[in-house]
Amino acid sequence: MRVLGIETSCDETGIAIYDTEQGLLAHQLYSQVKLHADYGGVVPELASRDHVRKALPLIQAALDEAQLDAADIDGIAYTAGPGLVGALLVGACIGRSLAYGWQVPAVAVHHMEGHLLAPMLEDVAPEFPFIALLVSGGHTQLVKVAGIGSYQLLGESVDDAAGEAFDKTAKLMGLDYPGGPRLAALAEQGEAGHYKFPRPMTDRPGLDFSFSGLKTFAANTLAKAEQDTQTQANIARAFQEAVVDTLVIKCRRALKETGLKRLVVAGGVSANHELRRQLHDFARQINGEVFFPRAEFCTDNGAMIAYAGAQRLAAGEAVDTKVKTFPRWPLEQLNQP
Ligand code: KG4
Ligand code: ZN
């Protein structure tokens, strides 16, 4: 079965074709970073309009890349939520309409399920069951995954997501949007041991997270610090260490509580080098395994949506002809296939 995947939940237009026998045949990505840079963040209406401009040309480009015609596509998967409602509607309308025109089934994919399954696109893919750490701009969640569609939320952020904390702290430091990767790059230049940030909510039991205090701590630290680049880099490093440490502590706890030794990390922040290093070390220590998507599939992309949709379509799931989106959509409310 060949599935066209469409991702338009935020500021990336991602299109891909996944074949359940042959794997990924094509993937195309257009990032709107430049469009939003002047505003310091994503402007929802501009995002929607740009998806309208880019989605169809990218679908054609993906078909060309895979050397396929529309008639070769057996199903369509589009992100139906969570995300920006206008942006989601673009992908949902295009996906549903193409499915109608091409007379193939369509399926509505949950964006975080897409992230969660992204490591399945790699040569060495995780087996079920596993613990997933989902760390993006909108979510920080620990999920026990028994199989496709079987997701138990173990803990999540009670305020800012990890990516959001990176972005907001980067903004405080005067770094351009998108701040997360820029702050991470600056942190690589920093020296350890100059500043100590708290590890929020690690001193009490449970698997929830809270990252908004780190941003305030960063603001106070910056206000008192020298303005030179090395000092900024030292602060960036201390901030990153605090986020990474906190994530590692909670992953350790989740594995211990569930008795599992397999960890999957996905979402934009899973591209972070320090997080990858620390989690690799940790997995080695406990004789466990950790899986990440390749760097380009950590952040939003169409491949993860095509993959997740293909699993659901292959299980016989499909949506009716109504175009529906779910800007807020708890992962646990996904129907069990
Ligand atoms: O998954 P994603 O592309 O979009 C959402 O679904 O939110 O994640 C984007 C988030 C942003 O907050 C971005 O700053 C963060 O992931 N991010 C990073 C890195 N690369 C992306 N955060 C820390 N270090 C990175 N290398
Ligand atoms: Zn995402």
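Keep in mind it's a predicted model, so treat the numbers as computed, not measured.

Chemist: How would you sum up the site of ligand 1? Please name residues and give values.
Modeler: Ligand 1 sits among 18 residues. The nearest are H115, G137, D167, G268 and N272. Between ligand 1 and the protein, one listed contact pairs an oxygen atom with a backbone N or O atom of G138 at 3.5 Å. D300 is positioned with one of its backbone polar atoms (N or O) 3.1 Å from an oxygen atom of ligand 1. For ligand 1, the accessible surface in isolation is 550 Å², of which the surrounding protein chains cover 86%.

Chemist: Describe the UniProt feature "binding site: Fe cation" (unreviewed entry) in the protein chain, and please don't skip the residues or the numbers.
Modeler: Taking the numbering used here, the UniProt-annotated feature "binding site: Fe cation" (unreviewed entry) corresponds to H111, H115 and D300. Across 190 residues, the annotated set stays spatially compact, with a maximum C-alpha separation of 8.7 Å. Relative to the helices and strands, H115 is located in helix 4 (residues 111-117). Setting aside residues no more than four positions away along its own chain, D300 makes contact with E7, S9, C10, E12, L29, H111 and H115.

Chemist: Break down the coordination of the zinc ion (ligand 2) for me, with residues and values.
Modeler: Every protein donor of the zinc ion (ligand 2) is accounted for by H111 (NE2), H115 (NE2) and D300 (OD), and the metal-donor separations fall at 2.0 to 2.1 Å. Taken in chain order, the donor set of the zinc ion (ligand 2) reads H-x3-H-x184-D. Note that H115 is positioned in helix 4 and D300 in the loop between strand 10 (289-291) and helix 10 (303-314), a separation of 185 residues in sequence.

Chemist: Residues and numbers for the sheet that holds strand 3 (residues 23-31), please.
Modeler: Strand order across the open sheet formed by five strands is 3-2-1-4-5, with mixed pairing between neighbours. Pairing within the sheet leaves two strands with one partner each, and these edge strands are strand 3 and strand 5 (106-110). Taken pair by pair, the neighbouring strands of this sheet meet at an average axis angle of 20°, ignoring direction. Sheet strands in contact with helix 2 (residues 44-66) are strand 1 (2-7), strand 2 (12-19) and strand 3, and its direction is about 150° off that of strand 3.

Chemist: Describe helix 2, naming the residues involved and giving the relevant values.
Modeler: With 23 residues, helix 2 should reach 33 Å at 1.5 Å per residue; the first-to-last C-alpha distance of 31 Å fits that figure. Considering bend angle alone, the principal kink of helix 2 is centred on K54 and spans about 35°; proline P57 follows within four residues of it. All of the buried residues in helix 2 are A47, S48, D50, H51, A55, L58, I59, A62, L63 and A66. Among the structural elements, strand 1, strand 2, strand 3, helix 1 (33-37) and helix 3 (85-102) are those in contact with the buried residues of helix 2.

Chemist: Let's hear about the nonpolar core: which residues, and what values?
Modeler: Formed by 57 residues in total, the largest nonpolar core has its most connected members in L4, I17 and L116. It is helix 10 that provides the largest number of residues to this core, a total of eight residues. Among all residues touching I17, those that are not within four sequence positions of it are V3, L4, G23, L24, L25, A26, A62, L63, A66, L68 and I73. Listed in part, the 43 residues of the second largest apolar core include L207, L247, L260 and L275.

Chemist: How would you summarise the UniProt feature "binding site: substrate" (unreviewed entry) in the protein chain if you had to cite specific residues and measurements?
Modeler: As annotated in UniProt, the feature "binding site: substrate" (unreviewed entry) corresponds to L134, V135, S136, G137, G138, D167, G180 and N272 in the numbering used here. Examined against the element boundaries, L134 turns out to sit in strand 6 (residues 130-135). Residue contacts for L134: discarding those within four places in its chain leaves M112, L116, H139, T140, Q141, V143, A266 and L331. Position of S136 among the secondary structure elements: in the loop between strand 6 and strand 7 (140-147).

Chemist: Explain the packing of aromatic side chains to me, using residue names and the numbers behind them.
Modeler: Enumeration according to the criterion identifies seven aromatic pairs in this entry. Centre to centre, the rings of F128 and F130 are 5.4 Å apart; their planes meet at 15°, and the pair counts as stacked. You can call F128 partly exposed: its relative accessible area is 31%. Chaining the aromatic ring pairs together yields one cluster made of F166, F197, F217 and F239.

Chemist: Which residues make up the pattern of salt bridges, and what values go with them?
Modeler: What the rule picks out here adds up to 18 salt bridges. Taking the shortest distance from any N to any O, the salt bridge between R49 and E45 comes out at 2.9 Å. Of the two residues, R49 and E45 are both situated in helix 2; the distance of four residues between them amounts to about one turn of the helix. For R49, a relative accessible area of 48% gives the class partly exposed.

Chemist: Which residues make up the pairing of strand 1, and what values do they have?
Modeler: In terms of burial, strand 1 is a largely internal element, five of the six residues being buried. The sheet contact formed by strand 1 and strand 2 spans six bridges and is antiparallel. Counterpart to I6 in the pairing with strand 2 is I15. Strand direction decides the pairing type here: strand 1 and strand 4 (residues 75-81), joined by four bridges, are parallel. The partner of V3 across the bridge, within strand 4, is G75.

Each value, and the rule that gives it
Residues numbered from 1 in each chain as written. Chains lettered and ligands numbered in written order. Predicted model: local features only at pLDDT ≥ 70, side-chain atom pairs only at ≥ 80, totals over all residues. Heavy atoms only, no water. Near = heavy atom within 4 Å. Polar contact = N/O pair within 3.5 Å; in protein donor to acceptor, adjacent residues only side chain to side chain. Areas by Shrake-Rupley, 256 points an atom, 1.4 Å probe, with all protein chains shown as cover. UniProt positions renumbered as here; feature names shortened; annotations may be inferred. Helix = DSSP H or I, 4+ residues; strand = E, 2+ residues; numbered from the N terminus. Contact = heavy atoms within 4.5 Å. Donors = N, O, S within 2.8 Å, 3.2 Å for Na, K, Ca; no water. Pairing = 2+ DSSP bridges. Axes fitted to C-alpha atoms, helices over the stretch in contact; angles between N-to-C directions. Expected span 1.5 Å × (residues − 1). Bend = angle between axes of the 7 residues up to and from the residue. Buried < 20%, exposed > 50% of the residue type's maximum accessible area, 1.4 Å probe, protein only. Core = buried A, V, L, I, M, F, W, Y, C linked by side-chain atoms within 4.5 Å. Phe/Tyr/Trp six-rings, centres within 6.5 Å; stacked < 30°, edge-to-face > 60°. Salt bridge = Lys/Arg side-chain N within 4 Å of Asp/Glu carboxyl O.

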